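Observations on the model geometry
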Amino acid sequence: MSMKNILAPSILSADFKALGEEIKQTEEAGAQYIHFDVMDGMFVPSISFGMPVLSSIRGVTGQTMDVHLMVQEPVRYVKEFAACGADIITVHLEACGDVKATLDEIHRCGAGAGISIKPGTPVESLAPYLDDGDMFLIMSVEPGFGGQAFIPESLERIRRLRAMLDARGMDKDIEVDGGIYHSNVAEVLKAGANVIVSGSGVYKGDILQNTAGFMEILRAYE
Ligand code: DX5
Ligand code: ZN
């Protein structure tokens, strides 16, 4: 495969009292995106952070702001997140009353549109949106918390989605999120993903080394 592989470190696992510094280390070591996990306490049980945090980290680095909304009816917040600096806004298929209208709103605001599915949602339910989505996010854990174990069935789901895109001649991004470390990222890439989210795998321990280790593997599979 000739697609570019991208690392999207999830700041959910960062040390928030040193957030700017920690993000800069991931950029220095080659990570192209910042993955920003927004939780509303409704779509998922937990609450994380939102617009003011996004505004204050924009400009800290030149990385792409990859915003993952684990929020019920996310269409309500698209405009605000775009105004705060989101470059890509990913919404959950399960959380949208009208998926197409939500994607249209994201595009109207000038951002890239991602659609995410939870581990229990069939990959085939993305089929109607393959044209409108710019990126497809397969959750490899139940959304809501960092540090969970990768669900092995996710690999087959990535393969199926990549096959669906290939069959239509579409060369779009597949992002995978949850439980990814140096030890299993190669399998995720081989299955057909090209945007890799990692929270614990980047931010727990030596951030520079963790990021550089991921980038080496990502480049080896381009
Ligand atoms: C989970 C979030 C993930 C999470 C990944 O709901 O969407 O982005 O931070 O964390 P790790 O890599 O620790 O599983
Ligand atoms: Zn995420």
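Numbering of residues begins from 1 in every chain and follows the order in which that chain's sequence is written. Ligands are numbered from 1 and chains lettered from A, in the order in which they are written. For this predicted model, a pLDDT threshold of at least 70 governs which residues receive local features, and a threshold of 80 or more governs which side-chain atom pairs are given and counted, while totals over whole chains, interfaces and linings are taken from all residues. Hydrogen atoms and water are omitted, and side-chain values are computed over all heavy atoms in the structure.

**Here we look at the site of ligand 1**
Operational definition: Here a residue counts as near a molecule or strand whenever at least one of its heavy atoms sits within 4 Å of it. We define a polar contact as two N or O atoms separated by no more than 3.5 Å, with the added condition that, inside protein, one atom must be a possible hydrogen donor and the other a possible acceptor, whereas residues neighbouring each other in sequence contribute only through side-chain atom pairs. Surface exposure here means Shrake-Rupley accessible area, sampled with a 1.4 Å probe, where a residue is shielded only by the protein chains that are shown. The helix and strand labels rest on DSSP assignments: H or I over at least four residues marks a helix, E over at least two residues marks a strand, and numbering proceeds from the N terminus. Under the scheme applied, nonpolar residues are Ala, Val, Leu, Ile, Met, Phe, Trp, Tyr, Cys and Pro; charged residues are Asp, Glu, Lys and Arg; polar residues are all the others, including Gly.
The immediate surroundings of ligand 1 are formed by 20 residues, with Asp37, Gly144, Asp177, Gly199 and Ser200 found nearest. Within the backbone of Gly179, an N or O atom sits 2.8 Å from an oxygen atom of ligand 1. Protein chains bury 100% of the 380 Å² of accessible surface belonging to ligand 1 in isolation. Those elements that place two or more of their residues in the shell around ligand 1 are strand S2 (33-39), strand S3 (64-70) and strand S8 (195-198). Top element by residues in the shell around ligand 1 is S2. It accounts for three residues. In terms of residue class, the shell around ligand 1 is made up of seven nonpolar, 11 polar and two charged.

**A short note on the coordination of the zinc ion (ligand 2)**
In plain terms, the rule: Only nitrogen, oxygen and sulfur atoms count as donors, using a 2.8 Å cut-off from the metal that widens to 3.2 Å for Na, K and Ca. Water is left out, so coordination shells may look unfilled. Any site counts as irregular unless it has four donors with all angles between 85 and 135 degrees, making it tetrahedral, or four or six donors with opposite ones more than 155 degrees apart and the rest between 65 and 115, making it square planar or octahedral.
Of the protein atoms, only His35 (NE2), Asp37 (OD), His68 (ND1) and Asp177 (OD) coordinate the zinc ion (ligand 2), at distances of 2.0 to 2.3 Å. Its six donor atoms give the zinc ion (ligand 2) angles of 68 to 167 degrees at the centre, a pattern that matches the octahedral case. Every donor residue of the zinc ion (ligand 2) comes from the same chain, spaced as H-x1-D-x30-H-x108-D.

**Some remarks on helix H4 (residues 99-108)**
Rule in force here: Exposure classes here rest on a 1.4 Å probe applied to the protein chains alone. A residue is buried below 20% of its type maximum, exposed above 50%, and partly exposed in between. Throughout, the arc means the angular range of directions from the helix axis out to the C-beta atoms. Here a residue-residue contact requires only that any non-hydrogen atoms of the pair lie within 4.5 Å.
Of all the residues in H4, the buried ones are Val99, Thr102, Leu103, Glu105 and Ile106. One side of H4 carries all its buried residues, which in axial view fall inside an arc of 155 degrees. The elements touched by buried residues of H4 are helix H3 (78-83), strand S4 (88-92) and strand S5 (112-117). The N-capping residue of H4, defined by a side-chain oxygen 3.3 Å from the backbone nitrogen of Lys100, is Asp98. Of the residues flanking the end of H4, it is Gly110, one or two places downstream, whose phi is positive at about 85 degrees.

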